[in-house]
Amino acid sequence: MKYYQIDIETTEAGIEAIVAKLMAAGIENTVVADPKDVAELMEKKESYAWDYVDDEVAARMEEAPVVTVYAYEEAERIAAEEAVATLKEEAAAGIFGNGVDLGPLEPVVTEHDDSEWQDKWKEYFKPFRVSRHIIIKPSWEEVEAGPQDSVLEIDPGMAFGTGTHETTSMCIEMMEDYQKVGDRVLDAGCGSGILSIAAAFLGAGQVLGVDIDHDAVGVARENIRLNHVEDVASADYGDVTEGIDYQADLVVANLMAELLCLVTPGIYRHLEPGGTYISSGILLEKEEMVATAIREAGFDLCEIRRKGEWCCIAARKPEGAQA
Ligand code: SAH
């Protein structure tokens, strides 16, 4: 669908005035990019939602506030431009007080077609080797593989897990080193299903992927079928904070640090003695926190790997532990 993006640069004082003016003109489809919000977000860096915020966001702190209107109709675009023009005249006439600066108030209009960008990311998702023996291949690409290689096809849809993220690739590398043939594997937070499929390729006896996102469960099921591993692997709705009814030899959990700390004791209970726990999605600065939670739950730490700003921890439930 085609639409207009109308960016209106303003000042801290102008945001409310613009949004009110647009609303009065019947335009409610606005987004405010306020550098002050970014500054507040930076202060809450420890909070749960932070880990996946892009660095680019921090750069925005330097910029002026912008109110953006998304208009799907020509008439709406014109109404938005008129509303801003009126506001500019009112500001110049001193209605908001003498010397109050509402910024340039010059709408910048760009035209988009969302059917274009919906698939844009596909251009950048190319086949690649994720571990010694596994090659990831977007379902719409072709690839040549060696005799030792398994090709894992993936169409992530809206789910997380193309394998390009360090947190995912480290899980696969660790699984290649720690998983044993015949293992029962739990993939906690399966997203696209990529780790469940990798587990099946690595010789798992049985794999269950769970996710709280129903769409992800659907995508994971699709990808499991695409890779012909449905005899071994399945995906289902499941919330790891509430416990999963599954006894495993290996649990792989690519979640976030705080969530990992929360669910680690439960995962310990779901693992057989001698079983392996691979946890990922951990920012380097949270490595110690998660490692401590893992040790305190009774695990022995095996190894910590780091890539970019992320780390992945492998741990083992002691052989002599109670099942
Ligand atoms: N395993 C994939 C996806 C990781 S993203 C990969 O490694 O690439 C993390 C996934 O965990 C998301 O799909 C999210 O929906 C899911 N998730 C978050 N909290 C969860 C919970 N409490 N229980 C189960 N899944 C959860």
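Residues numbered from 1 in each chain as written. Predicted model: local features only at pLDDT ≥ 70, side-chain atom pairs only at ≥ 80, totals over all residues. Heavy atoms only, no water.

Novice: Looking at this structure, I do not really get the overall build of the protein. What am I missing?
Specialist: Along the protein, the regular secondary structure elements total 10 helices and 14 strands. Relative to its length of 323 residues, the protein is extended, with a C-alpha radius of gyration of 25 Å against a globular reference of 20 Å. The dimensions of the protein, computed from C-alpha atoms along their principal axes, are 80 × 45 × 30 Å. Relative to its 323 residues, the protein shows a buried fraction of 45%. For the protein, the exposed surface amounts to about 16,300 Å²; the carbon and sulfur share of it is 50%. (Helix = DSSP H or I, 4+ residues; strand = E, 2+ residues; numbered from the N terminus. Rg over C-alpha atoms; globule rule 2.2 N^0.38 Å. Buried < 20%, exposed > 50% of the residue type's maximum accessible area, 1.4 Å probe, protein only. Areas by Shrake-Rupley, 256 points an atom, 1.4 Å probe, with all protein chains shown as cover.)

Novice: Is there a simple way to explain the site of the ligand in this structure?
Specialist: Residues in close proximity to the ligand total 19 residues, the closest being T168, G189, D211, D239 and N254. At 2.9 Å from a nitrogen atom of the ligand is found a main-chain nitrogen or oxygen belonging to G189. Backbone polar atom of I212 to a nitrogen atom of the ligand: 3.4 Å apart, as the coordinates give it. For the ligand, the protein covers 88% of the area, taking 580 Å² as the surface of the free molecule. Residue composition of the shell around the ligand, grouped by class: eight nonpolar, seven polar and four charged. (Near = heavy atom within 4 Å. Polar contact = N/O pair within 3.5 Å; in protein donor to acceptor, adjacent residues only side chain to side chain. Nonpolar A, V, L, I, M, F, W, Y, C, P; charged D, E, K, R; others polar.)

Novice: What should I look at first to understand the environment of M175 in this one?
Specialist: Along the chain, the position of M175 falls in helix α6 (residues 166-178). Overall, the relative accessible area of 0% leaves M175 in the buried class. Considered as a pair, M175 and A199 are 24 residues apart in the sequence and their alpha carbons are 7.2 Å apart. Look past the residues within four positions of M175 in its chain and what remains in contact with it is L195, A198, A199, L202, V252 and I278. (Contact = heavy atoms within 4.5 Å.)

Novice: Would you mind showing me how to read the packing of helix α1 (residues 14-24) against helix α4 (residues 74-92) here?
Specialist: Two numbers describe a pair of packed helices, the interaxial angle and the distance between the axes. Running from N to C, α1 and α4 point in directions that differ by 130°, and their axes come no closer than 9 Å. Judged on the interaxial angle alone, α4 and α1 are oblique. Crossing angle aside, the handedness with which α1 passes α4 is right-handed. Where α1 abuts α4, its residues A17, I18, K21 and L22 lie against A80, A83, T86, L87 and E90. Class assignment of the residues belonging to the contact of α1 with α4 gives a composition of six nonpolar, one polar and two charged. (Axes fitted to C-alpha atoms, helices over the stretch in contact; angles between N-to-C directions. Parallel < 35°, antiparallel > 145°, perpendicular 65-115°, else oblique. Left-handed = near helix turned anticlockwise from the far one by under 90°.)

Novice: Explain the side chain of D249 here, please?
Specialist: One can find D249 in strand β11 (residues 248-254). In this view, D249 contacts G182, D183, R184, L271, E272, G275 and T276; residues no more than four positions away in its chain are not counted.

Novice: In this structure, what is going on with the sheet that holds strand β6 (residues 134-138)? I would like to understand it.
Specialist: Pairing between the strands of a sheet is mediated by backbone hydrogen bonds and can be parallel or antiparallel. Spatially, three strands are ordered β5-β6-β7 in an open sheet, and the strand pairing comes out mixed. Looking at strand neighbours, the two that pair on one side only are β5 (128-129) and β7 (150-154), the edges of this open sheet. Strand direction decides the pairing type here: β5 and β6, joined by two bridges, are antiparallel. Among the inter-strand pairings, R129 is bridged to a residue of β6, identified as I135. (Pairing = 2+ DSSP bridges.)

Novice: Just to check I follow, could you spell out the sheet that holds strand β8 (residues 184-188) for this structure?
Specialist: If you walk across this open sheet you meet the seven strands as β10-β9-β8-β11-β12-β14-β13, and the pairing is mixed. The open sheet has two free edges, formed respectively by β10 (233-237) and β13 (300-307), since each of these has just one partner strand. For this sheet, the mean angle separating the axes of adjacent strands, direction not counted, is 15°. With seven bridges joining them, β13 and strand β14 (residues 310-316) adopt antiparallel strand pairing. Pairing of D300 across the sheet is with R316, part of β14. The strands that helix α9 (residues 257-270) touches are β11 and β12 (271-283); relative to β12, the one it contacts most, it runs at about 175°.

Novice: What's the story with the nonpolar core in this structure? I'm lost.
Specialist: Most often, soluble globular proteins have nonpolar side chains that are buried together. In this structure, I136, L152, I172, M175 and I278 are the most contacted members of the largest nonpolar core, which totals 36 residues. With 28 residues, the next largest nonpolar core counts L255, Y277, F299 and A321 among its residues. (Core = buried A, V, L, I, M, F, W, Y, C linked by side-chain atoms within 4.5 Å.)

Novice: I'm lost on the domain arrangement of the protein in this one. Help?
Specialist: Interface size is commonly expressed as the accessible area that is lost once the parts come together. Along its sequence, the protein is carved into domain 1 (2-118) and domain 2 (122-316). Here the C-alpha centre of domain 2 lies 40 Å away from the C-alpha centre of domain 1. (Domains from an automatic or database assignment.)

Novice: Explain the packing of aromatic side chains to me, please; I cannot follow it from the model alone.
Specialist: We describe a pair of aromatic rings using the distance from one ring centre to the other and the angle between the two ring planes. A full pass over the atoms with the stated rule returns five aromatic pairs. When the centroid spacing of 5.1 Å and the interplanar angle of 35° are considered together, the rings of Y277 and F299 count as tilted. Pair noted here: Y277 is in strand β12 and F299 is in the loop between α10 (287-296) and β13, with a separation of 22 residues, a long-range link. For Y277, a relative accessible area of 0% gives the class buried. For F299, a relative accessible area of 3% translates into the label buried. Feature note: the residues Y3, Y70 and Y72 constitute an aromatic cluster, connected by ring pairs. (Phe/Tyr/Trp six-rings, centres within 6.5 Å; stacked < 30°, edge-to-face > 60°.)

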